[in-house]
Amino acid sequence: MTKFQQEEISPVQKGKNFEMKIEKLLTDANIKCKITGGPGDKGIDIKGMKKGVKFIIECKNWRTKNIDRSIINQIEGVLSRQSNGTIGIVAAPSMNRYTPGAKETARTSIYNVILVDN
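Since we're looking at a predicted model, the values are computed, not measured.

Asks: Quick question: what am I supposed to make of helix α2 (residues 11-28) here?
Replies: A turn of α-helix holds 3.6 residues, and therefore any two residues three or four places apart point the same way. Taking 1.5 Å per residue as the helical rise, α2 with its 18 residues ought to reach 26 Å, and the 26 Å between its terminal C-alpha atoms agrees with that figure. For α2, the secondary structure elements touched by its buried residues are β1 (32-35), β2 (46-50), β3 (53-59) and β4 (87-92). Trailing α2 by a residue or two, asparagine 30 shows a phi angle of about 60°, which is positive.

Asks: Can you help me understand the state of the cysteines in this one?
Replies: Summed over all chains, the structure comprises zero disulfides. The cysteine cysteine 33 is free of any disulfide, with cysteine 59 supplying the nearest cysteine sulfur at 9.7 Å. Classification of cysteine 33 by relative accessible area gives buried; the value is 13%. What makes cysteine 59 buried here is its relative accessible area of 9%.

Asks: Would you explain the side chain of threonine 105 in this entry?
Replies: If you trace the backbone, threonine 105 turns up in helix α4 (residues 100-108). A polar contact of 3.5 Å, which involves the side chain of threonine 105, links it to the side chain of arginine 69. Every residue in contact with threonine 105, bar those within four places of it in the chain, is listed here: Arg69, Ile72, Asn73 and Glu76.

Asks: Can you help me understand the packing of aromatic side chains in this one?
Replies: Given two aromatic rings, one states the distance between the centres and the angle between the planes to describe the pair. Taken as a whole and assessed by the stated rule, the structure comprises zero aromatic pairs. In this structure, lysine 65 is placed above the aromatic ring of tryptophan 62, and the distance from its NZ or CZ to the ring centre is 4.6 Å.

Asks: In this structure, what is going on with the environment of asparagine 66? I would like to understand it.
Replies: Relative to the helices and strands, asparagine 66 is located in the loop between β3 and α3 (69-79). Overall, the relative accessible area of 36% leaves asparagine 66 in the partly exposed class. Residues asparagine 66 and serine 94, 28 residues apart in the sequence, show an inter-C-alpha distance of 10.0 Å. When sequence neighbours within four positions are dropped, the list of residues in contact with asparagine 66 reads Asn96, Arg97 and Thr99. Among the polar contacts listed, one links the side chain of asparagine 66 to the side chain of arginine 97, at a separation of 3.0 Å.

Asks: Please clarify how the pattern of salt bridges should be interpreted in this entry.
Replies: Side chains that carry opposite charge are capable of pairing whenever their charged atoms lie near each other. Enumeration according to the criterion identifies three salt bridges in this entry. Linking glutamate 58 and lysine 60 is a salt bridge whose minimum nitrogen-to-oxygen distance equals 3.0 Å. The two residues glutamate 58 and lysine 60 agree in class, both being buried. Here glutamate 104 ties to arginine 107 by a salt bridge, and the two come within 2.8 Å at their closest N and O atoms. Separated by three residues within a single helix, glutamate 104 and arginine 107 lie in helix α4, roughly one turn from each other. Glutamate 104 gets classed as partly exposed once you look at its relative accessible area, which sits at 36%.

Asks: Could you clarify how one ought to interpret the nonpolar core in this entry?
Replies: In a soluble, globular protein the nonpolar side chains are often hidden away together inside. By size, the foremost hydrophobic cluster in this structure holds 15 residues, and its most contacted members are Ile56, Ile72, Val90, Tyr98, Val113 and Leu115. When residues of this core are assigned to their parent elements, the largest contribution, five residues, is made by α3. One finds Phe18, Ile22, Leu26 and Cys33 within the second-largest nonpolar core, a separate group that totals eleven residues.

The rules we used
- Numbering of residues starts from 1 in each chain and follows the order in which that chain's sequence is written.
- Reporting of local features is limited, given that this is a predicted model, to residues whose pLDDT is at least 70; pairs of side-chain atoms are given and counted only at 80 or more, and all residues count toward the totals for whole chains, interfaces and linings.
- Each side-chain value is derived from all of the structure's non-hydrogen atoms; neither hydrogens nor water enter the calculation.
- We count a stretch as a helix when DSSP gives it H or I for four or more residues in a row; a strand needs E for two or more, and each element gets its number in order from the N terminus.
- What a helix is expected to span follows from its residue count: subtract one and scale by 1.5 Å.
- By definition, residues are in contact when any of their heavy atoms lie within 4.5 Å.
- Disulfides are defined in this document as cysteine sulfur pairs within 2.5 Å.
- The rule is simple: take the accessible area with a 1.4 Å probe, protein chains only, and divide by the maximum for that residue type; under 20% is buried, over 50% is exposed, in between is partly exposed.
- We define a polar contact as two N or O atoms separated by no more than 3.5 Å, with the added condition that, inside protein, one atom must be a possible hydrogen donor and the other a possible acceptor, whereas residues neighbouring each other in sequence contribute only through side-chain atom pairs.
- We call Phe, Tyr and Trp rings a pair once their centres come within 6.5 Å, taking the six-membered ring for Trp, and we label the pair stacked below 30 degrees between planes, edge-to-face above 60, and tilted otherwise.
- Over a ring means this: the NZ of a Lys or the CZ of an Arg is within 6 Å of the ring centre and within 35 degrees of the ring normal.
- Counted as salt bridges are all cases of a side-chain nitrogen of Lys or Arg within 4 Å of a carboxyl oxygen of Asp or Glu.
- In this description, a nonpolar core means a group of buried Ala, Val, Leu, Ile, Met, Phe, Trp, Tyr and Cys residues linked to one another through side-chain atoms lying within 4.5 Å.

Take a look at the structure:
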């Protein structure tokens, strides 16, 4: 694919591609999951379970924008509506995308929130 063709990919398609990449990483590791993202996904792009523990993933394929505490607050809101013990994961292309405030909010959350990169 040429550089010009890469520029033609919409932000929505880039997000879907990132979700598929994360799902493949998980399924290759024998972790059962499925993509649920799309319009109205309510902050859940991927749902899954491993050894009886449920998890939800919010994928943020932001290359130019940082992930701040508002995204962590959103996943906390989603977790408040899930069964007790569900883990919330925010996946980004790089740990450098998370602001110090986002990292602190996840670290001190009353919910199980994990920040990861691919």
